[in-house]
Amino acid sequence: MDKKLIFSGIQPTGTFTLGNYIGAVRNWGPLQDEYNCIYCVVDLHAITVKQEPAKLRKNTLDAYALLMACGIDTEKSILFIQSHVKTHAELNWILGCSTQFGELSRMTQFKDKSKRHADDVNSGLFTYPVLMAADILAYNADLVPVGVDQKQHLELARNIAQRFNQRYGELFTVPEPYIAEIGAKVMSLQEPTKKMSKSDENPNACILILDDKDTIIRKFKRAVTDSEAEVCYREGKDGINNLMTIYSSVTGKSFDEITSEFAGKGYGDFKLAVGETVADHLAPIRNEFDRLIQDKAYLKKCYTEGAEKAQRYSQRIVSKAFHKVGFVDKA
Ligand code: TRP
């Protein structure tokens, strides 16, 4: 049987957080053997909020190199930059005409973001999920690894696909969410009921995967815990639960194993162990990133070839969509 196709995109926000890594990107590499994978750095999506052009360009290249450093193999998978492949914007328009204003108004991410960026509630921010649907449907992807925050968008992509198919005849695969077996939600080190986020004002709240060893250890040492002294996973122990989740996902140890490992030891020992383990785990990624980002010619070769493959792949499907809606075929 043919392998199923996975599609996912990631925002070029510079370096990824430990949360992006554990919750998403780390799982993308191993999927390459079991599935056909297409991964994309979504610079078109990025400009729905204000960006400094030079910084966006740098962040996009960094994200591309970082994905490679995290194990995405451009020989096995298609890895490309969204703005290099014109079918995304083209299909976005078509799908926008099959998406209702009311549906987009219900998107919680739009509601949140329009509050946070009240001075720039542009129409791209509003139609963001349509472009995301176009990303996925242009390849007829079967599976989309997404975190909880993107589930509503994926649900909308499914609705758009079904609606288009009903109206114009079968074309799009209705994508399923891919829920990773591993991969957990990583919380802020300072307010462990909040998701770890790069935009957190407190720099100690967030580990960046390019942070150096000392920085990582320092941030973990300052992580908020609780007034008990027991390393165990229990409701109400948000800080410790988060550290255990991180430690478990990096070492593969179960919560019970971690509890026994630190029995009789204090939180200080545990935090140091988590910090050192995470830093050691990320060191090869940082080294590989440093190597790649200096080799601009090689990076360019990779993203150019990636875009060519993505363009060829998606063009077949998007041309069919053009035909189905009634556009005159180009010779
Ligand atoms: N919206 C996603 C995010 O912010 C990124 C994204 C864009 C995406 N297009 C996609 C994810 C297609 C999966 C599939 O995380």
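Scroll up to find the structure.
About the cut-offs
- Residues numbered from 1 in each chain as written.
- Predicted model: local features only at pLDDT ≥ 70, side-chain atom pairs only at ≥ 80, totals over all residues.
- Heavy atoms only, no water.
- Core = buried A, V, L, I, M, F, W, Y, C linked by side-chain atoms within 4.5 Å.
- Buried < 20%, exposed > 50% of the residue type's maximum accessible area, 1.4 Å probe, protein only.
- Helix = DSSP H or I, 4+ residues; strand = E, 2+ residues; numbered from the N terminus.
- Contact = heavy atoms within 4.5 Å.
- Near = heavy atom within 4 Å.
- Polar contact = N/O pair within 3.5 Å; in protein donor to acceptor, adjacent residues only side chain to side chain.
- Areas by Shrake-Rupley, 256 points an atom, 1.4 Å probe, with all protein chains shown as cover.
- Nonpolar A, V, L, I, M, F, W, Y, C, P; charged D, E, K, R; others polar.
- Axes fitted to C-alpha atoms, helices over the stretch in contact; angles between N-to-C directions.
- Parallel < 35°, antiparallel > 145°, perpendicular 65-115°, else oblique.
- Left-handed = near helix turned anticlockwise from the far one by under 90°.

Q: I'm lost on the nonpolar core in this one. Help?
A: In a soluble, globular protein the nonpolar side chains are often hidden away together inside. Counting residues in each nonpolar core, the largest one holds 60 residues, and the members touching the most others are Leu18, Tyr64, Leu67, Phe220, Ile246, Phe270 and Val278. For this core, the leading source of residues is helix H12 (residues 267-294), giving eleven residues. Val130, Val146, Phe172 and Ile317 belong to the second-largest nonpolar core, a separate cluster that totals 42 residues.

Q: In this structure, what is going on with the environment of Lys185? I would like to understand it.
A: Mapping Lys185 onto the fold places it in the loop between strand S5 (176-178) and helix H9 (213-221). Its relative accessible area of 48% is what places Lys185 among the partly exposed residues. Each residue touching Lys185, except ones within four places of it in the same chain, is listed here: Val148, Lys195, Asn242 and Thr245.

Q: Explain the site of the ligand to me, please; I cannot follow it from the model alone.
A: What surrounds the ligand is the set Phe7, Ser8, Gly9, Gln11, Val42, His45, Tyr128, Met132, Asp135, Ile136, Val144 and Gln150. Side-chain polar atom of Tyr128 to a nitrogen atom of the ligand: 2.7 Å apart, as the coordinates give it. Taking Asp135, its side chain carries an N or O atom lying 2.6 Å from a nitrogen atom of the ligand. For the ligand, the accessible surface in isolation is 360 Å², of which the surrounding protein chains cover 88%. Elements with a minimum of two residues in the shell around the ligand: strand S1 (5-10) and helix H7 (123-137). At four residues, the largest contribution of residues to the shell around the ligand is made by H7. Split into classes, the residues belonging to the shell around the ligand amount to six nonpolar, five polar and one charged.

Q: Explanation requested: the packing of helix H10 (residues 238-251) against H12 in the structure shown.
A: Here H10 crosses H12 at 40 degrees, and the two axes come no closer than 10 Å. Relative to H12, the element H10 is oriented oblique. H10 and H12 meet at a crossing whose hand is left-handed. In this structure, H10 uses Ile240, Leu243, Met244, Ile246, Tyr247, Val250 and Thr251 to contact H12, whose residues at the interface are Tyr267, Phe270, Lys271, Ala273, Val274, Thr277, Val278 and His281. Split by residue class, the contact of H10 with H12 holds eleven nonpolar, three polar and one charged.

Q: Help me understand unusual backbone geometry, please; the structure alone is not making it clear to me.
A: It is generally the case that most residues other than glycine have a negative phi and that most peptide bonds are trans. Despite not being glycine, Asn140 has its phi angle at roughly 50 degrees, a positive value. Within the fold, Asn140 resides in the loop between H7 and strand S4 (143-145).

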